[in-house]
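This is what each chain is made of:
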Amino acid sequence: MKTIWKRIISLALSAGISLGGTWVWAAEPVPPEQEPLSSLDQAGRVQITVSMTEPEAGLSLIPALSFSCPAGTTAAGVLELLRQYAYLSDYLWEDGGLVMAEITENGGSREYGREGVWTLFRNGQEVAPGGSFVLEQGDTLEWAYTAESPSSQTDLPKREQAAVSAGAWSEEYAKGLAAACSWLKQNQQSHFGLMSMGAAGIAADYQVIDRLKTEIAGIGAYPTAKEAAVDALAATFCGIPATDVAGCDLMRVLSDYPDIAGEGLEPAIFALLAADSNGYEIPSDSVNTRAALRAMLLSCQNEDGGFAPAPGGPSSPLLTACALTALSAYTEEEQVRQAVSSGADYLSQHQNEDGTFPDDEGSPSVIPTSAAIIALCSMGVHMDDPRFVKQSGLMDALLSFQVNSGGFAPEAGTAAGEAATAAAVLALTAVKSGRNVFVLKTPLSVPEKSAVETEGAVQQESSESQESSETSGGAAGGWLAGAIALGLGILLAVVVFLSRCTGKPR
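Residues numbered from 1 in each chain as written. Predicted model: local features only at pLDDT ≥ 70, side-chain atom pairs only at ≥ 80, totals over all residues. Heavy atoms only, no water.

(A) Highlighting the confidence of the model for the protein chain. Residues of the protein chain with pLDDT of at least 70 account for 75%, and the chain-wide mean is 81. Segment residues 17–41: pLDDT under 50, and 37 contacts once partners within four positions in sequence are set aside and those in other chains are kept. The low-confidence segment residues 447–479, where pLDDT is below 50, has 29 contacts with residues more than four positions distant or belonging to other chains. (pLDDT = per-residue confidence, 0-100. Contact = heavy atoms within 4.5 Å.)

(B) Structural context of the pattern of salt bridges. Throughout the structure, instances matching the rule amount to nine salt bridges. Between Lys175 and Glu171 there is a salt bridge, and its shortest N-O distance comes to 3.6 Å. Of the two residues, Lys175 and Glu171 are both situated in helix 3 (residues 171–187); the distance of four residues between them amounts to about one turn of the helix. Assigned by exposure class, Lys175 and Glu171 land together as exposed. One salt bridge connects Asp256 with Arg252, and the closest N-O pair in it is separated by 3.6 Å. Its relative accessible area of 37% is what places Asp256 among the partly exposed residues. The exposure class assigned to Arg252 is partly exposed, which follows from its relative accessible area of 41%. (Salt bridge = Lys/Arg side-chain N within 4 Å of Asp/Glu carboxyl O. Helix = DSSP H or I, 4+ residues; strand = E, 2+ residues; numbered from the N terminus. Buried < 20%, exposed > 50% of the residue type's maximum accessible area, 1.4 Å probe, protein only.)

(C) Representation of the nonpolar core within the structure. Counting residues in hydrophobic clusters, the biggest one holds 96 residues, and the most contacted among them are Leu254, Leu297, Ile373, Met383, Leu398 and Phe408. Sequence-distant contacts of Leu297, defined by excluding residues within four places in its chain, comprise Leu265, Ala268, Ile269, Leu272, Phe307, Ala323, Ala326 and Leu327. Val46, Met52, Leu65 and Leu120 belong to the second-largest nonpolar core, a separate cluster that totals 28 residues. (Core = buried A, V, L, I, M, F, W, Y, C linked by side-chain atoms within 4.5 Å.)

(D) Here's a closer look at the sheet that holds strand 1 (residues 45–54). Pairing within the open sheet is mixed, and its five strands lie in the order 2-1-8-6-7. Of all strands in the sheet, those bounded by a partner on one side alone are strand 2 (59–70) and strand 7 (125–126). Helix 2 (residues 75–84) contacts strand 1, strand 2, strand 6 (116–122) and strand 8 (140–147) of the sheet and is inclined by roughly 75° relative to strand 1. (Pairing = 2+ DSSP bridges. Axes fitted to C-alpha atoms, helices over the stretch in contact; angles between N-to-C directions.)

(E) Quick peek at helix 11 (residues 334–349). The end-to-end C-alpha separation of helix 11 is 23 Å, in line with the 22 Å expected for 16 residues at 1.5 Å each. Within the sequence span of helix 11, burial applies to Val336, Ala339, Val340, Gly343, Ala344, Tyr346, Leu347 and Ser348. In this structure, the buried residues of helix 11 make contact with helix 9 (290–299), helix 10 (317–327), strand 9 (357–358) and helix 12 (366–379). (Expected span 1.5 Å × (residues − 1).)

Okay, structure coming up:
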């Protein structure tokens, strides 16, 4: 009798566990074709990262996504996966390249491609049109979209500059620069001072950068083009593209500014310096193209080679030096080359015997002296050039304005000032690098606004939590089914046992 019961219970348990296990297996929620983008590598699959951007506009059209795809997948196959996962509404692949993509945005879709060009980068290297390859483990794909809009791309300045003045650098100049930077960091208030610190390689505190963004965002309409240009330079040298400072496109402000010429030479100088600082593109149909800005500058040059605040006005050593700095990148043009040459002669003739340069009132001043040094470095002229060595040289003249606090005084015998110190820092930095200090040594790239570490991480966590919940729910359902099956098995066994007992005599 005991043996019979043991067999009955064993049979019932086996049936219940088997049935319950089958239920758990059937409850697995993720078939291969519905695998989430964040899934881990599986056999026969490769892990890749893919994104779509519009660099010129600073947009991340599809944030960097990491997911696995079947081995042997091509670039076209990745686009199909993006369409299946609803990142793309549609796309057009022709002659081995992406021609058009409709990207899902805010419940709708936007088309990119009819008026622009898609370029594919694999692991940072551009893929030639029509190039075919199979994805490998760890590959990174980026499709970059460039809108075909009229621009002055062909009118960009030359960036290559020989470091001819680097040999003039000395320990004395290094100490002077360090002291000036230290003073400026403690006393900086203006955006021009912030720009000079960035040019010298001093990273601004994040509070300072936040304040810069807030102030620019709150300006609305700029009262002068010079203020907009200085802000564009300050943002650029703080590592912020001037095309997007808290949503404000300062280069658009400058290129469309209604009457820069009416404000005089100085705003035009700073506008051209701002445009060239990071090689920003200016649409060719703008009010103030690079060619228009250069024409404004050239129209203010007098017969003596100096530049005036406005056409026909008296020449100014300060404005002449600043104009030469702005024009120095365009000396491949004959008219500009002649203007720069005669401008340099003007500076040599109006330098004081102590090596300084006078301001517009005729007093020796650190600001025009600094501007002349920057101009010479921009033109590739050495600090020991005989034309600019009088009884004293340029560098001795510059350092004569430095006071004990480390800052620079506007004029001899005065206290240190921010504008004077900022100008001197720019001049010392120009001599140290031997180049135009208003041009970034390494151009800024537009930062990609990727959501991988924010939205992507949240989505992945949510996906994993949901998967865990579904799996747990499936397991619970399976064990419940097993318990029910066990009860049915025992009941059946009892019925069979009782029927047998009733049919047999004792």
